[in-house]
Amino acid sequence: MSLSGRALENGTWSYDAINIRDHAHDKHQTVDDTPYGGGAGMVLRADILENALLSIPESKRGKLIYMSPRGRVLDQCYVQKLTQEDNITILCGRYEGVDQRFLDAHKVEEVSIGDYVLSGGEPAAIITMDACIRLLDGVMGNADTAGDESFSNGLLEYPHYTKPAAWTDCDKKNHDVPDVLRGGNHAEIKEWRDAQSLALTQDRRPDLLKK
Ligand code: 6GU
């Protein structure tokens with residue numbers, strides 16, 4: 001089972017899902033309507049969204065976030081901040097969007113997972129949750145694991161190798177594990193890994209170095 005699945009079973013975290021449609025007033029369970037000012041798509045209604053929100057006990061609402069490509073882009077620093085919250089309510093939109101008055105009235109923070117557009121906020125919510133859950137106490141088997149990984153120190157992670165030390169690929173090409181990693185000199189290994197991290201970051205994500 002996944003780390004987050006096991007953590008759910010042992011009570012490290014829990015969730016409830018609310019179907020916005022259950023909070024509509026009419027028999028067709030309408031949750032959206034056409035945008036004022038015209039344009040394509042439908043907009044989720046503020047009154048229905050508020051009914052759905054108020055159905056959550058106040059003590060459980062916590063921070064309110066709305067998954068939207070307009071939002072602040074999720075990064076490891078923001079994930080860490082979210083894990084400090086006792087409760088989080090995540091609104092997942094579909095259609096064109098959400099009536100702005102709901103976002104304003106309830107001080108909703110908009111969160112994006114990157115510069116591309118999804119058809120709905122649900123996959124983005126799952127990603128946000130996974131990134132948070134793995135940081136909760138006791139979820140990762142080895143507490144050290146979270147310290148070295150990509151982004152936690154602002155750099156991409158160094159490359160990893162395991163046995164066999166010598167490996168021949170399907171084109172008969174030999175690939176050896178770098179000698180330094182097999183030598184057992186921990187200071188030298190750390191220096192090599194740090195240099196690899198820096199070079200990889202410079203090559204693939206120079207934007208991270210500027211930060
Ligand atoms: Cl959070 N939602 C949607 N619909 N699209 C996105 C996104 C969120 N983040 C990036 N693209």
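Residues numbered from 1 in each chain as written. Predicted model: local features only at pLDDT ≥ 70, side-chain atom pairs only at ≥ 80, totals over all residues. Heavy atoms only, no water.

Draft legend 1. Inspection of the pattern of salt bridges at higher detail. Scanning all chains against the criterion turns up seven salt bridges. Ionic pairing is found between lysine 63 and glutamate 109, a salt bridge with its closest N-O pair at 3.3 Å. Residue lysine 63 is located in strand β3 (residues 63-73), and its partner glutamate 109 is located in strand β6 (residues 109-112); the two are separated by 46 residues in the primary sequence. Put simply, arginine 205 and aspartate 207 hold a salt bridge, and the shortest N to O gap is 2.8 Å. (Salt bridge = Lys/Arg side-chain N within 4 Å of Asp/Glu carboxyl O. Helix = DSSP H or I, 4+ residues; strand = E, 2+ residues; numbered from the N terminus.)

Draft legend 2. Fine view of the packing of aromatic side chains. If you walk through the whole model with that rule in mind, you get one aromatic pair. One cation-aromatic arrangement involves arginine 72 over tyrosine 78; the distance from NZ or CZ to the ring centre is 4.0 Å. (Phe/Tyr/Trp six-rings, centres within 6.5 Å; stacked < 30°, edge-to-face > 60°. Lys NZ or Arg CZ within 6 Å of the ring centre and 35° of its normal.)

Draft legend 3. Looking closely at the sheet that holds strand β4 (residues 88-92). Strand order in this open sheet of three strands is β4-β3-β6, and the pairing throughout is parallel. The open sheet terminates on both sides in strands that have one partner only, identified here as β4 and β6. Shown here is a sheet whose adjacent strand axes are inclined to one another by a mean of 45°, direction ignored. When β3 meets β6, the two strands line up parallel, connected through five bridges. Bridge pairing in β6 links arginine 72 to valine 111. Of the strands in this sheet, β3 and β4 are in contact with helix α6 (residues 122-133), which crosses β4 at around 155°. (Pairing = 2+ DSSP bridges. Axes fitted to C-alpha atoms, helices over the stretch in contact; angles between N-to-C directions. Contact = heavy atoms within 4.5 Å.)

Draft legend 4. Region of interest: the side chain of aspartate 169. With respect to the helices and strands, the residue aspartate 169 is situated in the loop between β7 (166-168) and β8 (174-176). In terms of polar contacts, aspartate 169 uses its side chain to reach the backbone amide nitrogen of aspartate 171, at 2.8 Å. (Polar contact = N/O pair within 3.5 Å; in protein donor to acceptor, adjacent residues only side chain to side chain.)

Draft legend 5. View of helix α2 (residues 46-54). Of all the positions in α2, only Ala46, Ile48, Leu49, Ala52 and Leu53 are classed as buried. Seen end-on, α2 carries its buried residues on one side only, within an arc spanning 165°. (Buried < 20%, exposed > 50% of the residue type's maximum accessible area, 1.4 Å probe, protein only. Arc of directions from axis to C-beta.)

Draft legend 6. Just the environment of alanine 165, in detail. Position of alanine 165 among the secondary structure elements: in the loop between α7 (145-148) and β7. Note on alanine 165: relative accessible area 26%, which makes it partly exposed. Residues alanine 165 and alanine 131 lie 34 residues apart in sequence; the distance between their C-alpha atoms is 33 Å. Discounting residues that sit within four places of it in the chain, alanine 165 has contacts with His175, Asp176, Val177 and Arg182.

Draft legend 7. Here's a closer look at the state of the cysteines. Applying the stated criterion to the full structure yields zero disulfides. The thiol of cysteine 92 is unpaired, and the distance to the nearest cysteine sulfur, on cysteine 132, comes to 13 Å. (Disulfide = S-S within 2.5 Å.)

Draft legend 8. The arrangement of the site of the ligand in detail. Lining the immediate surroundings of the ligand are Met67, Ser68, Pro69, Val111, Ser112, Ile113, Gly114, Tyr116, Val117, Leu118, Gly120 and Ala124. The side chain of serine 112 places a nitrogen or oxygen atom 3.3 Å from a nitrogen atom of the ligand. Between leucine 118 and the ligand, the recorded distance is 3.1 Å, taken from a backbone N or O atom to a nitrogen atom. When residues of the shell around the ligand are traced back to their parent elements, those giving at least two are β3 and β6. For the shell around the ligand, the leading source of residues is β3, giving three residues. Class assignment of the residues belonging to the shell around the ligand gives a composition of eight nonpolar, four polar and no charged. (Near = heavy atom within 4 Å. Nonpolar A, V, L, I, M, F, W, Y, C, P; charged D, E, K, R; others polar.)

This is a description of form; function is not addressed.
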